[in-house]
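The residues making up each chain are set out below.
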Amino acid sequence: MPEPKNIHNHKSLRLPNYNYTLEGAYFITAVTFQRKSLFGYIKQGEMVYSPAGEIVKEVWISIPEHFPNTSVNHFIIMPNHIHGIINIVGTRRAVSLPVIEQFGKPTSGSIPTIIRSFKSEVTRRVNKIQKTPGNKLWQSNYYEHVIRNDKEYEAIYEYMLTNPQNWEEDRLYE
């Protein structure tokens, strides 16, 4: 019997056959549902957090507490999205075994598992303070890019630093 076609009708943005548990740096962008500005606002080129934005910050910073082989040094929260770099450390193997996450089968310590966990905890906490149980907070997917070298890392870091000053030109600006 053939495998059913994507029964959830959304295309994966992940690199096919890539092991998202490998040591390295990953640039992540997660966007709110319907691009609603829930996390604060930009004032004179600086982000001012709402209570929901503070939760996003707290949960992002706590990722290494739940995933010990990670660090999250660089991130920026914007009114309707977060950009961040997750570093996975100490997992490189002499021979990379394929560890491919499949729908419904999470892989411990993988980028998809980390982001799913992050988005779930933010949603739970924001819905609790807003008294909106069950509300959808995030778009279903997220953007990720495997950072391949120092030059890419620096360009992404610079982009994140200047994102608040360039908010009105941002493609996620609404």
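Since we're looking at a predicted model, the values are computed, not measured.

Considerations on the overall build of the protein chain
- Looking only at helices and strands, one finds four helices and seven strands in the protein chain.
- The secondary structure elements of the protein chain, listed N-terminal to C-terminal, are β-β-β-α-α-β-β-β-α-β-α.
- The buried share of the protein chain, reckoned over its 174 residues, is 41%.
- Within the structure as shown, the protein chain displays about 10,700 Å² of accessible surface, and the carbon and sulfur contribution to it stands at 53%.

Thoughts on the nonpolar core
- Counting 29 residues, the largest nonpolar core has Trp-60, Ile-86, Ile-111, Phe-118 and Val-122 as the members making the most contacts within it.
- Secondary-structure elements contributing two or more residues to this core are β1 (24–31), α1 (51–61), β6 (81–88) and α3 (111–130).
- Looking at this core, the element that brings in the most residues is α3, giving six residues.
- Those residues within four positions of Ile-111 in sequence are excluded, and the remaining contacts are Tyr-20, Tyr-26, Ile-28, Ile-86, Ile-88 and Tyr-142.
- Judged by nonpolar contacts, the second largest core, of ten residues, contains Phe-27, Met-78, Ile-85 and Met-160.

Concerning the packing of aromatic side chains
- This structure, assessed with the given rule, holds six aromatic pairs.
- Feature note: the residues Phe-39, Trp-60, Phe-75, Phe-118 and Trp-138 constitute an aromatic cluster, connected by ring pairs.

A look at the pattern of salt bridges
- For the coordinates displayed, the defined rule picks out two salt bridges.
- For Arg-125, the salt bridge goes to Glu-58, with nearest N and O atoms at 2.4 Å. Of the two residues, Arg-125 sits in helix α3 while Glu-58 sits in helix α1, which places them 67 residues apart along the sequence.
- According to the relative accessible area criterion, Arg-125 is partly exposed, its value standing at 24%.
- When its relative accessible area of 42% is taken as the criterion, Glu-58 is described as partly exposed.

A word on the confidence of the model for the protein chain
- This prediction gives the protein chain a mean pLDDT of 85; 79% of its residues lie at or above 70.
- Across the protein chain, the element-wise mean pLDDT spans from 93 in strand β7 (residues 143–147) up to 98 in α1.
- Ignoring residues within four places in sequence, the model shows residues 1–12, a span with pLDDT below 50, making five contacts including any to other chains.
- Within the model, the stretch residues 93–98 combines pLDDT values under 50 with six contacts to residues more than four positions away or in other chains.

A word on helix α4 (residues 150–162)
- Compared with an ideal rise of 1.5 Å per residue, which puts 13 residues at 18 Å, α4 spans 18 Å between its outermost C-alpha atoms and is within 8% of the ideal.
- On its buried face, α4 sits against β1, β5 (75–78), β6 and β7.
- Backbone nitrogen of Lys-151 and a side-chain oxygen of the N-cap are separated by 3.1 Å at the start of α4; the cap is Asn-149.

Concerning unusual backbone geometry
- The backbone of Gln-34 shows a phi angle near 55 degrees, a positive value even though the residue is not glycine.
- Mapping Gln-34 onto the fold places it in the loop between β1 and β2 (40–43).
- What makes Gln-34 exposed here is its relative accessible area of 53%.
- Of note in this structure, Lys-131 is not a glycine but carries a positive phi near 55 degrees.
- Looking at the element boundaries, Lys-131 is found in the loop between α3 and β7.
- Overall, the relative accessible area of 71% leaves Lys-131 in the exposed class.

Focus on α3
- When the terminal C-alpha atoms of α3 are compared, their 28 Å separation across 20 residues agrees well with the 28 Å that a helix rising 1.5 Å per residue should span.
- All of the buried residues along α3 are Ile-111, Pro-112, Thr-113, Ile-114, Ile-115, Phe-118, Lys-119, Val-122, Thr-123, Val-126 and Asn-127.
- Following α3 by one or two positions, Lys-131 has its phi on the positive side, about 55 degrees.

Scoring rules and cut-offs
- Residues numbered from 1 in each chain as written.
- Predicted model: local features only at pLDDT ≥ 70, side-chain atom pairs only at ≥ 80, totals over all residues.
- Heavy atoms only, no water.
- Helix = DSSP H or I, 4+ residues; strand = E, 2+ residues; numbered from the N terminus.
- Buried < 20%, exposed > 50% of the residue type's maximum accessible area, 1.4 Å probe, protein only.
- Areas by Shrake-Rupley, 256 points an atom, 1.4 Å probe, with all protein chains shown as cover.
- Core = buried A, V, L, I, M, F, W, Y, C linked by side-chain atoms within 4.5 Å.
- Contact = heavy atoms within 4.5 Å.
- Phe/Tyr/Trp six-rings, centres within 6.5 Å; stacked < 30°, edge-to-face > 60°.
- Salt bridge = Lys/Arg side-chain N within 4 Å of Asp/Glu carboxyl O.
- pLDDT = per-residue confidence, 0-100.
- Expected span 1.5 Å × (residues − 1).
- Polar contact = N/O pair within 3.5 Å; in protein donor to acceptor, adjacent residues only side chain to side chain.

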